Amino acid sequence: METTSRVGAQGAGTADASAADAAAQNAEGAPGSRRTVDGYLLASFPWYGLDEAYTGPRWLMQVGAAADGTVEHGATGHGEEPTLRSERADPHAAKQRFAVVVTVASRPGRRSADGTGVLEATSVSSAAWLAGSGLLSCTWPAQMERALRQDWLDQQTALAWELADHLDDSAWSTLSLPVDGVPTDFRYRESEYGWVLAGSAEGVHIGAYGRGMSAYGMGFSVIKDITDYRG
(Lines give C-alpha, C1' and ligand atoms only; values in the text may rest on other atoms or scores of the structure.)
Protein backbone atom coordinates (compact mmCIF):
# COMPACT_ATOMS: atom_id res chain seq x y z
CA MET A 1 0.00 0.00 0.00
CA GLU A 2 1.12 3.50 -0.66
CA THR A 3 2.77 6.25 1.36
CA THR A 4 0.22 8.24 3.34
CA SER A 5 -0.14 10.98 5.87
CA ARG A 6 -2.93 11.53 8.33
CA VAL A 7 -5.15 14.47 7.41
CA GLY A 8 -5.76 16.59 10.46
CA ALA A 9 -3.02 14.88 12.45
CA GLN A 10 0.75 15.01 12.64
CA GLY A 11 3.05 12.38 11.22
CA ALA A 12 3.39 10.27 8.06
CA GLY A 13 4.24 6.74 7.02
CA THR A 14 2.89 3.83 5.03
CA ALA A 15 -0.86 3.32 4.88
CA ASP A 16 -0.43 0.38 7.20
CA ALA A 17 1.68 2.21 9.78
CA SER A 18 -0.53 5.26 9.52
CA ALA A 19 -3.62 3.25 10.36
CA ALA A 20 -1.97 1.52 13.30
CA ASP A 21 -0.59 4.78 14.65
CA ALA A 22 -3.92 6.52 14.18
CA ALA A 23 -5.74 3.77 16.00
CA ALA A 24 -3.22 3.95 18.84
CA GLN A 25 -3.73 7.68 19.21
CA ASN A 26 -7.49 7.22 19.40
CA ALA A 27 -7.06 4.33 21.81
CA GLU A 28 -5.17 6.57 24.17
CA GLY A 29 -8.28 8.66 24.53
CA ALA A 30 -7.41 11.81 22.60
CA PRO A 31 -10.40 14.17 22.97
CA GLY A 32 -12.83 13.94 20.08
CA SER A 33 -12.63 17.70 19.59
CA ARG A 34 -9.06 17.25 18.36
CA ARG A 35 -10.23 15.10 15.46
CA THR A 36 -11.23 17.44 12.71
CA VAL A 37 -13.88 16.52 10.19
CA ASP A 38 -12.02 18.36 7.40
CA GLY A 39 -10.20 15.31 6.04
CA TYR A 40 -13.41 13.32 5.79
CA LEU A 41 -15.01 16.08 3.74
CA LEU A 42 -12.16 15.90 1.21
CA ALA A 43 -12.83 12.26 0.32
CA SER A 44 -14.15 11.42 -3.14
CA PHE A 45 -15.83 8.25 -1.88
CA PRO A 46 -18.65 7.67 0.65
CA TRP A 47 -17.93 6.94 4.30
CA TYR A 48 -19.55 3.97 5.97
CA GLY A 49 -20.62 3.43 9.56
CA LEU A 50 -23.08 1.33 11.52
CA ASP A 51 -26.61 1.74 10.23
CA GLU A 52 -29.45 3.50 12.02
CA ALA A 53 -30.30 0.41 14.05
CA TYR A 54 -27.33 1.40 16.21
CA THR A 55 -28.33 4.28 18.49
CA GLY A 56 -25.22 4.70 20.66
CA PRO A 57 -22.35 7.20 20.58
CA ARG A 58 -20.49 7.89 17.32
CA TRP A 59 -17.08 9.56 17.02
CA LEU A 60 -14.41 10.51 14.51
CA MET A 61 -11.03 8.87 14.21
CA GLN A 62 -8.34 9.71 11.60
CA VAL A 63 -8.12 9.83 7.84
CA GLY A 64 -5.24 8.44 5.76
CA ALA A 65 -4.15 10.33 2.64
CA ALA A 66 -1.68 9.64 -0.17
CA ALA A 67 1.45 11.72 -0.67
CA ASP A 68 -0.43 14.06 -3.00
CA GLY A 69 -3.15 14.66 -0.40
CA THR A 70 -5.76 12.32 -1.90
CA VAL A 71 -7.82 10.76 0.88
CA GLU A 72 -7.50 6.96 0.68
CA HIS A 73 -9.06 5.58 3.86
CA GLY A 74 -10.39 6.48 7.27
CA ALA A 75 -12.38 5.17 10.21
CA THR A 76 -15.40 6.03 12.34
CA GLY A 77 -15.99 4.81 15.88
CA HIS A 78 -19.08 3.56 17.68
CA GLY A 79 -19.65 2.85 21.37
CA GLU A 80 -17.04 3.59 24.03
CA GLU A 81 -13.74 5.03 22.84
CA PRO A 82 -11.10 2.41 23.69
CA THR A 83 -8.21 3.34 25.94
CA LEU A 84 -4.91 1.71 26.88
CA ARG A 85 -5.26 2.35 30.59
CA SER A 86 -4.06 -0.54 32.73
CA GLU A 87 -6.79 -3.06 33.45
CA ARG A 88 -5.48 -3.33 37.00
CA ALA A 89 -5.93 0.39 37.56
CA ASP A 90 -9.20 0.52 35.63
CA PRO A 91 -11.10 -2.81 35.48
CA HIS A 92 -13.63 -1.14 33.17
CA ALA A 93 -10.96 -0.92 30.44
CA ALA A 94 -11.21 -4.67 29.84
CA LYS A 95 -14.98 -4.45 29.37
CA GLN A 96 -15.19 -1.58 26.91
CA ARG A 97 -17.68 -2.03 24.09
CA PHE A 98 -16.78 -0.51 20.74
CA ALA A 99 -16.90 -1.08 17.00
CA VAL A 100 -14.80 0.79 14.44
CA VAL A 101 -15.72 0.87 10.74
CA VAL A 102 -12.89 1.39 8.23
CA THR A 103 -13.66 2.67 4.74
CA VAL A 104 -11.02 2.18 2.02
CA ALA A 105 -11.38 3.73 -1.43
CA SER A 106 -11.46 1.12 -4.19
CA ARG A 107 -8.42 1.98 -6.32
CA PRO A 108 -6.85 0.16 -9.30
CA GLY A 109 -3.11 -0.29 -9.63
CA ARG A 110 -1.66 3.06 -10.70
CA ARG A 111 1.40 5.26 -10.90
CA SER A 112 2.44 7.11 -7.78
CA ALA A 113 1.83 10.86 -7.63
CA ASP A 114 5.50 11.62 -8.31
CA GLY A 115 5.66 9.14 -11.19
CA THR A 116 8.50 7.16 -9.64
CA GLY A 117 6.64 3.96 -8.84
CA VAL A 118 3.47 1.90 -9.09
CA LEU A 119 0.86 1.74 -6.33
CA GLU A 120 -0.88 -1.54 -5.68
CA ALA A 121 -4.64 -1.79 -6.13
CA THR A 122 -6.67 -1.71 -2.94
CA SER A 123 -8.71 -4.79 -2.07
CA VAL A 124 -10.68 -6.51 0.67
CA SER A 125 -7.29 -7.51 2.09
CA SER A 126 -6.43 -3.81 2.44
CA ALA A 127 -9.53 -3.31 4.59
CA ALA A 128 -8.80 -6.46 6.59
CA TRP A 129 -5.24 -5.31 7.27
CA LEU A 130 -6.26 -1.83 8.40
CA ALA A 131 -8.95 -3.31 10.64
CA GLY A 132 -6.61 -5.93 12.10
CA SER A 133 -3.83 -3.45 12.86
CA GLY A 134 -6.36 -1.04 14.31
CA LEU A 135 -7.69 -3.68 16.69
CA LEU A 136 -4.19 -4.54 17.88
CA SER A 137 -3.31 -0.91 18.47
CA CYS A 138 -6.19 -0.36 20.86
CA THR A 139 -6.27 -3.71 22.65
CA TRP A 140 -2.63 -4.62 23.31
CA PRO A 141 -1.83 -5.82 26.87
CA ALA A 142 -1.58 -2.57 28.81
CA GLN A 143 0.08 -4.35 31.74
CA MET A 144 3.00 -5.40 29.53
CA GLU A 145 6.33 -3.75 30.23
CA ARG A 146 6.80 -0.74 27.99
CA ALA A 147 10.09 -2.10 26.61
CA LEU A 148 8.29 -5.21 25.34
CA ARG A 149 5.22 -3.54 23.88
CA GLN A 150 6.75 -2.54 20.55
CA ASP A 151 8.19 -6.00 19.96
CA TRP A 152 4.82 -7.54 20.76
CA LEU A 153 3.00 -5.09 18.51
CA ASP A 154 5.45 -5.65 15.64
CA GLN A 155 5.03 -9.41 15.91
CA GLN A 156 1.24 -9.31 16.08
CA THR A 157 1.02 -6.74 13.29
CA ALA A 158 3.06 -8.98 11.00
CA LEU A 159 0.67 -11.81 11.81
CA ALA A 160 -2.33 -9.57 11.06
CA TRP A 161 -0.79 -8.74 7.68
CA GLU A 162 -0.29 -12.43 6.89
CA LEU A 163 -3.89 -13.22 7.84
CA ALA A 164 -5.25 -10.34 5.76
CA ASP A 165 -3.30 -11.56 2.76
CA HIS A 166 -4.93 -15.01 2.96
CA LEU A 167 -8.63 -14.37 3.42
CA ASP A 168 -9.57 -17.79 2.04
CA ASP A 169 -7.73 -19.64 4.81
CA SER A 170 -9.51 -21.48 7.60
CA ALA A 171 -8.74 -18.67 10.06
CA TRP A 172 -11.58 -16.76 8.39
CA SER A 173 -15.26 -17.60 8.11
CA THR A 174 -18.02 -15.99 6.04
CA LEU A 175 -20.53 -13.69 7.70
CA SER A 176 -23.43 -12.12 5.80
CA LEU A 177 -24.36 -8.63 6.99
CA PRO A 178 -26.50 -5.89 5.41
CA VAL A 179 -24.79 -3.02 3.61
CA ASP A 180 -27.31 -0.34 2.74
CA GLY A 181 -29.93 -3.02 3.28
CA VAL A 182 -28.37 -5.52 0.86
CA PRO A 183 -27.00 -8.81 2.30
CA THR A 184 -23.24 -8.79 1.74
CA ASP A 185 -20.63 -11.45 2.46
CA PHE A 186 -17.74 -10.49 4.74
CA ARG A 187 -14.68 -12.43 5.80
CA TYR A 188 -14.73 -12.65 9.59
CA ARG A 189 -12.47 -13.88 12.38
CA GLU A 190 -12.29 -13.67 16.16
CA SER A 191 -9.31 -13.61 18.51
CA GLU A 192 -8.68 -13.02 22.19
CA TYR A 193 -8.44 -9.30 21.41
CA GLY A 194 -11.75 -8.95 19.57
CA TRP A 195 -13.11 -9.50 16.07
CA VAL A 196 -12.23 -8.30 12.57
CA LEU A 197 -14.22 -8.43 9.34
CA ALA A 198 -13.79 -7.15 5.78
CA GLY A 199 -15.80 -7.01 2.57
CA SER A 200 -16.68 -4.72 -0.33
CA ALA A 201 -19.45 -2.27 -1.22
CA GLU A 202 -20.05 0.10 -4.12
CA GLY A 203 -16.76 1.88 -4.81
CA VAL A 204 -15.16 1.02 -1.45
CA HIS A 205 -13.88 -1.79 0.71
CA ILE A 206 -15.22 -1.98 4.26
CA GLY A 207 -13.33 -3.26 7.27
CA ALA A 208 -14.47 -3.30 10.87
CA TYR A 209 -13.14 -4.35 14.24
CA GLY A 210 -14.45 -4.32 17.77
CA ARG A 211 -14.69 -5.81 21.20
CA GLY A 212 -17.64 -6.24 23.55
CA MET A 213 -20.14 -5.60 20.73
CA SER A 214 -21.21 -8.61 18.66
CA ALA A 215 -20.61 -8.32 14.94
CA TYR A 216 -23.40 -10.77 14.13
CA GLY A 217 -26.25 -8.29 14.44
CA MET A 218 -24.55 -5.33 12.80
CA GLY A 219 -25.40 -3.56 9.59
CA PHE A 220 -23.51 -0.91 7.63
CA SER A 221 -24.72 2.06 5.64
CA VAL A 222 -23.41 5.19 3.94
CA ILE A 223 -23.01 8.04 6.41
CA LYS A 224 -25.32 10.78 5.21
CA ASP A 225 -23.67 13.53 7.25
CA ILE A 226 -20.18 12.84 8.61
CA THR A 227 -20.44 15.90 10.88
CA ASP A 228 -22.88 13.87 13.01
CA TYR A 229 -19.80 11.97 14.23
CA ARG A 230 -18.18 15.02 15.80
CA GLY A 231 -20.15 14.35 18.98
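Residues numbered from 1 in each chain as written. Predicted model: local features only at pLDDT ≥ 70, side-chain atom pairs only at ≥ 80, totals over all residues. Heavy atoms only, no water.

## Regarding the environment of G219
Here's step 1: Among the secondary structure elements, G219 is positioned in the loop between β12 (204-211) and β13 (220-222).
Here's step 2: Along the primary structure G219 and Y54 are separated by 165 residues, whereas in three dimensions their C-alpha atoms are 8.5 Å apart.
Here's step 3: Look past the residues within four positions of G219 in its chain and what remains in contact with it is G49, L50, D51 and P178. (Helix = DSSP H or I, 4+ residues; strand = E, 2+ residues; numbered from the N terminus. Contact = heavy atoms within 4.5 Å.)

## Section: the pairing of strand β11 (residues 194-201)
Here's step 1: When you tally the buried positions in β11, you get six out of eight residues, the bulk of the element.
Here's step 2: The sheet contact formed by strand β10 (residues 182-191) and β11 spans five bridges and is antiparallel. Bridge pairing in β11 links S191 to G194.
Here's step 3: Taking the residues between adjacent antiparallel strands as the criterion, β10 and β11 are bridged by two residues.
Here's step 4: Taken together, the seven bridges between β11 and β12 define a ladder with antiparallel strand orientation. By the bridge assignment, G199 is partnered in β12 with I206. (Buried < 20%, exposed > 50% of the residue type's maximum accessible area, 1.4 Å probe, protein only. Pairing = 2+ DSSP bridges.)

## Some points on unusual backbone geometry
Here's step 1: Positive phi, normally seen in glycine, also occurs at D180, with a value near 50°.
Here's step 2: Position of D180 among the secondary structure elements: in the loop between β9 (173-179) and β10.
Here's step 3: Under the relative-accessibility criterion, D180 is labelled partly exposed at 41%.

## Description of a negative patch on the surface
Here's step 1: A cluster of acidic side chains, namely E120, E162, D165, D168 and D169, defines a negative patch on the protein surface.
Here's step 2: Note on placement: E162 falls in helix α4 (residues 146-164).
Here's step 3: E162 gets classed as partly exposed once you look at its relative accessible area, which sits at 43%. (Patch = residues over 30% accessible without salt bridge, like charges linked within 9 Å, V, L, I, M, F, W, Y side chains within 5 Å. Areas by Shrake-Rupley, 256 points an atom, 1.4 Å probe, with all protein chains shown as cover. Salt bridge = Lys/Arg side-chain N within 4 Å of Asp/Glu carboxyl O. Lys, Arg positive; Asp, Glu negative; His and termini not counted. Charge placed at Lys NZ, Arg CZ, Asp CG, Glu CD.)

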